[in-house]
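Descriptive analysis of the structure
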Amino acid sequence: MRIFTLYHVLLVLLLFNCAFAKTLNFLDQNPQYKEYIKYARLYNYMDDESILKYIKRKLKKYEDLRIRVFGDSHVAGDFMTYEFRNILGNVNAVGFLYPLMPPYHQTLLIEHKSVNFAVFDSRKPKLYDDYPMGGVVAYPSELPAHIQLSINPKQVITWDNNFITQIIFKNSDTSDALMIEDSNNKQYKLKAQRPNSWDIAKLELKFPITINALSQDVKLGGYFIYNDKNNNIIEHLGINGVRSDIWLKWNLDILEEELKLIKYDIIILCYGSNDAMYDILNEDRFVANYTNFINILKKNNPDSIIILMSPPPVMLLSGGQKQQYKESQIFVPIKEAIKKIAQTEKIMFFDTDDFIVRTGTKKNWSKLNLSKKDVHLTPQGYRLVAHGIYEALKQELKQY
């Protein structure tokens with residue numbers, strides 16, 4: 001009997017380890033691009049060596065390491081963050097998650113299913129004007145309405161699917177707004193403490209969970225899903241088409257509350273492509289708005305490394321019958337302004353454009369299916385950029 005029991009324990013452990021074996025990363029699958037990585041450059045303007053040494057230790061051991069990426073369409077597909085997870089492995093929590101993913105956006109960390117819920121996002125302030133962090137709000141189009149969330153076991157390692165879950169929501173009054181059901185058949189009713197004000201409810205839930213709307217006026221602003229301790233998190237807050245000042249459309253009070261919930265070790269900002277879609281750059285306004293957002297992040301994550309990414313080359317369709325692309329007139333000034341912000345704010349800067357140019361130019365990347373002809377890269381290109389950032393950061397931290 002003991003041998004039988006031990007056998008089954010070992011079998012379960014073997015199957016568990018196989019299920020969570022590290023996925024082959026992009027360079028393992030495409031070794032022809034390993035030579036490219038030596039051209040990735042990270043400019044380090046930080047002067048606090050204690051932070052750099054601290055993050056170096058966490059990155060080396062990959063224990064309790066939390067990485068967040070803000071950005072536009074370069075981030076919204078979850079390709080870059082997916083590759084960071086492949087490189088590092090051992091992701092065991094979700095971190096922050098939108099209430100529902102807007103159309104043409106994705107996260108691979110969790111599966112959403114919804115009935116009679118719709119989505120607003122902060123690209124459309126005329127439809128709604130009180131957005132929390134990330135700028136995505138889900139609401140019931142009619143009742144009954146519910147959202148089901150399931151952890152993706154291919155992305156998140158979990159023994160029992162139990163997580164601390166913080167739900168951001170608001171309602172028009174203080175009556176019952178939501179009912180949460182988890183897989184332990186536990187039910188929790190949530191009500192706002194104040195009418196028309198964002199609230200955060202903290203629960204311990206076993207996934208999958210179902211969020212039921214009890215009020216037609218309830219709004220959901222997102223979820224934090226994590227462990228009590230030792231969280232390895234790699235998540236993104238990307239929205240297609242946004243500029244670097246999108247945060248101005250978010251409610252500053254709830255934004256700062258949310259930024260305090262989990263302390264992040266590395267924060268990457270990937271904005272600038274959509275700022276470069278115009279013919280004229282108001283550099284002072286661009287720098288001021290971007291800098292103010294960085295200062296909010298610093299205030300609430302004082303021990304983090306912040307990395308600004310320049311966008312890839314911004315190619316716009318030119319006039320005429322042929323579908324020809326020309327580089328945006330203000331792309332280079334945007335890139336230089338981002339680098340200047342990194343210098344002034346004493347943070348880090350990754351030159352995505354320089355990485356592409358030094359490894360064959362965007363035209364060559366397009367031939368290799370690493371880039372599209374317009375502003376975007378392909379999923380393969382984003383995965384390669386993730387390796388560039390990771391290896392350049394490791395190289396920079398070697399001296400500390």
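The present account deals with the structure reproduced in this document.

1. Some thoughts on unusual backbone geometry
Put simply, Leu143 and Pro144 share a cis peptide bond, and its omega is 0 degrees. Turning to its location among the elements, Pro144 is positioned in the loop between β6 (136–140) and β7 (146–151). Backbone geometry at Tyr62 places phi at a positive 50 degrees, although glycine is not the residue there. Among the secondary structure elements, Tyr62 is positioned in the loop between α3 (49–61) and β2 (66–71). Phi is positive for Asp78, close to 70 degrees, though the residue is something other than glycine. Tracing the backbone shows Asp78 in the loop between α4 (73–76) and α5 (79–88). Residue classification places Asp78 among the buried positions, given a relative accessible area of 0%.

2. Details of the packing of α3 against helix α11 (residues 379–397)
Across the interface, α3 lies against α11 with an axial gap of 10 Å and an inter-helix angle of 125 degrees. It follows from the interaxial angle that α3 and α11 lie oblique. Crossing hand, α3 versus α11: left-handed. For the pair formed by α3 and α11, the contact residues are Leu52, Lys56 and Leu59 on the first element and Tyr390, Leu393, Lys394 and Leu397 on the second. Split into classes, the residues belonging to the contact of α3 with α11 amount to five nonpolar, no polar and two charged.

3. Topic: the side chain of Asn232
As for its position among the elements, Asn232 is in the loop between β13 (219–226) and β14 (233–238). Of the polar contacts made by the side chain of Asn232, one reaches the backbone oxygen of Tyr62; its length is 3.4 Å. Separated by 3.1 Å, the side chain of Asn232 and the backbone nitrogen of Leu65 make a polar contact. What Asn232 contacts, discounting residues up to four positions off in sequence, is Tyr62, Glu63, Asp64, Leu65, Asn90, Val91, Asn92 and Ala93.

Calculation criteria
Residues numbered from 1 in each chain as written. Predicted model: local features only at pLDDT ≥ 70, side-chain atom pairs only at ≥ 80, totals over all residues. Heavy atoms only, no water. Helix = DSSP H or I, 4+ residues; strand = E, 2+ residues; numbered from the N terminus. Buried < 20%, exposed > 50% of the residue type's maximum accessible area, 1.4 Å probe, protein only. Axes fitted to C-alpha atoms, helices over the stretch in contact; angles between N-to-C directions. Parallel < 35°, antiparallel > 145°, perpendicular 65-115°, else oblique. Left-handed = near helix turned anticlockwise from the far one by under 90°. Contact = heavy atoms within 4.5 Å. Nonpolar A, V, L, I, M, F, W, Y, C, P; charged D, E, K, R; others polar. Polar contact = N/O pair within 3.5 Å; in protein donor to acceptor, adjacent residues only side chain to side chain.

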